[in-house]
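# A structural walkthrough
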Amino acid sequence: MAGRAAPPPKQDELVPHAVKDQLPGISYCITSPPPWAEAILLGFQHYLVMLGTTVIIPTALVPQMGGGNEEKVRVIQTLLFVAGLNTLFQSFFGSRLPAVIGGSYTFVVPTLSIILARRYSGILDPHEKFIRTMRGTQGALIVASTLQIIIGFSGLWRNITRFLSPLSAVPLITLAGLGLFEFGFPGVAKCIEIGLPALIVLVVFSQYLPHAIHSKRMVFDRFAVIFMVIIVWIYAHLLTVGGAYKHAPPKTQFHCRTDRGGLIGAAPWIRVPYPFQWGPPTFDAGEAFAMMMASFVALVESTGTFYAVTRYASATPMPPSILSRGIGWQGIGILLDGLFGTANGSTVSVENAGLLALTRVGSRRVVQISAGFMIFFSVLDCFLALGSGHNIDTSALRVIL
């Protein structure tokens, strides 16, 4: 009948945020991609942000496993390659949010427990110890992945998250972000003369220059990370060639110099990672249980980050069923970590979620382009080593983002 009010939306029907509840200043939402040139630059910026975590985790774990620079390059390459695959799977089949899936510090502790396990302590050959511990980590990750796969695809997590109100989601998102501070600030302190200027440059370009220089195009705040990396790398290289670290302790030189990565000479030109490249995985009940606990922690952390990404992308409120599906695909990502041998599990990158808020661009296409950069640079080892072999600390990014 004419003039009759429209029926109310169904329970499961997606309703956009009310105008007053939308995040202000979003230039491109989840379904509105920016122009191709801008999208490529933004995708490369997301790649730079997640590259820090991708390099730092293997750099810390591989030497303790008994590996050298060659093994370090292969693990970094594999972790980056799998991160690109997982990001594409998540954006096409999982939550379909602009969420970057990468390595996680949550899995570092159980991985260290595997490295220090008694069954590997008697191995004297470093390479043999690396291979054995990598296989043990693979087996633990494969078993741990079943937790998120079952909880996600069975709908169990959907039933739990129905009770998550905005009031309960706020501390979850806050704690997911604050958890990075214990990695960010100590990382800055390892090379304070580079970390602190990086922090200052990033804040100035993202928060102050856009207000001081009025322009129709958002340049400084949208590409602040790229500006920061270029400026700080040139500054650090000048310190290196100027002899500022000539008589510094070896640890300081490792963190501050731009020529101490040790990865460029160990990297081949082209190499494609493949499953079981380290050999068949081994399984141990204690190691698998410890990794499953880390998988559950990553599940809770990713839930909060998914809510944050939804908000920053100006998407419709995430239904519990979509969140549960995203968790299931994250479990598949951890399974791929175990099959390929990354020595680390996967979770939604909190740093890249913060970059969405910093750039005010929540386009899905940008993150998919970023995944393309991950796969491209992981296959071309020489370019990956060139980008990650210089020890410019990215801890300033984690502090801000």
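The structure contained in this document is the topic of the report that follows. In this text the structure is predicted, and so the values were computed from the model without any measurement.

## Concerning the packing of helix α1 (residues 36-65) against helix α15 (residues 364-379)
- It is at 7 Å that the axes of α1 and α15 come closest, and there the two elements cross at 60°. Judged by the angle between their axes, α1 and α15 are oblique. Every pair of crossing elements has a handedness; the one defined by α1 and α15 is right-handed. Here Trp36, Ala39, Ile40, Leu42, Gly43, Phe44, His46, Tyr47 and Met50 of α1 come into contact with α15, specifically with Arg365, Val366, Ile369, Ser370, Phe373, Met374 and Phe377.
- Tallied by class, the residues present in the contact of α1 with α15 amount to 12 nonpolar, 3 polar and 1 charged.

## Structural notes on a nonpolar patch on the surface
- Side chains of Ile192, Leu196, Ile200, Val204 and Tyr208 sit close together on the surface and give an oily, nonpolar patch of about 460 Å² of accessible area.
- Here leucine 196 lies in helix α9 (residues 192-212).

## Topic: the nonpolar core
- Grouped together as the largest cluster of nonpolar side chains are 21 residues, with contacts concentrated most on Tyr47, Met50, Leu80 and Met374.
- Those elements that provide at least two residues to this core are α1, α2 (69-92) and α15.
- When neighbours within four sequence positions are excluded, methionine 50 is seen to be in contact with Leu80, Ala83, Val100, Gly102, Asn352 and Met374.
- Judged by nonpolar contacts, the second largest core, of 19 residues, contains Ile30, Leu97, Ala99 and Ala313.

## Examining helix α10 (residues 224-241)
- Here α10 is 18 residues long and its end C-alpha atoms lie 26 Å apart, about the 26 Å a rise of 1.5 Å per residue gives.
- Taken residue by residue, α10 has Ala224, Val225, Ile226, Met228, Val232, Ala236 and Thr240 as its buried positions.
- Glycine 243 occupies a position one or two residues after α10 and carries a positive phi of about 85°.

## Digging into the packing of aromatic side chains
- Going through the model one piece at a time under the given rule, you end up with 17 aromatic pairs.
- Between the aromatic rings of phenylalanine 153 and tryptophan 329, the centroid separation amounts to 6.4 Å while the plane-to-plane angle is 80°, which identifies the pairing as edge-to-face. Taken together, the residues span a long stretch of sequence, with phenylalanine 153 in helix α5 (residues 126-153) and tryptophan 329 in helix α13 (residues 320-340) at a distance of 176 residues.
- Seen from their ring centres, phenylalanine 376 and phenylalanine 377 are 5.2 Å apart, and the 75° between their planes marks the pair as edge-to-face.
- Overall, the relative accessible area of 44% leaves phenylalanine 376 in the partly exposed class.

## Notes on the pattern of salt bridges
- Considering all chains together, one arrives at 2 salt bridges under this definition.
- Close ionic contact of glutamate 38 with arginine 222 constitutes a salt bridge, the shortest N to O distance being 2.6 Å. Here glutamate 38, found in helix α1, pairs with arginine 222, found in the loop between α9 and α10; they are 184 residues apart in sequence, far enough to count as distant. The pair glutamate 38 / arginine 222 is uniform in exposure class, with both members buried.
- A salt bridge links glutamate 287 to arginine 119; the nearest nitrogen and oxygen atoms lie 2.8 Å apart. Taken as a pair, glutamate 287 in helix α12 (residues 285-312) and arginine 119 in helix α4 (residues 118-121) lie far apart in primary sequence, 168 residues in all.

Cut-offs used in this document
Residues numbered from 1 in each chain as written. Predicted model: local features only at pLDDT ≥ 70, side-chain atom pairs only at ≥ 80, totals over all residues. Heavy atoms only, no water. Axes fitted to C-alpha atoms, helices over the stretch in contact; angles between N-to-C directions. Helix = DSSP H or I, 4+ residues; strand = E, 2+ residues; numbered from the N terminus. Parallel < 35°, antiparallel > 145°, perpendicular 65-115°, else oblique. Left-handed = near helix turned anticlockwise from the far one by under 90°. Contact = heavy atoms within 4.5 Å. Nonpolar A, V, L, I, M, F, W, Y, C, P; charged D, E, K, R; others polar. Patch = residues over 30% accessible without salt bridge, like charges linked within 9 Å, V, L, I, M, F, W, Y side chains within 5 Å. Areas by Shrake-Rupley, 256 points an atom, 1.4 Å probe, with all protein chains shown as cover. Salt bridge = Lys/Arg side-chain N within 4 Å of Asp/Glu carboxyl O. Core = buried A, V, L, I, M, F, W, Y, C linked by side-chain atoms within 4.5 Å. Buried < 20%, exposed > 50% of the residue type's maximum accessible area, 1.4 Å probe, protein only. Expected span 1.5 Å × (residues − 1). Phe/Tyr/Trp six-rings, centres within 6.5 Å; stacked < 30°, edge-to-face > 60°.

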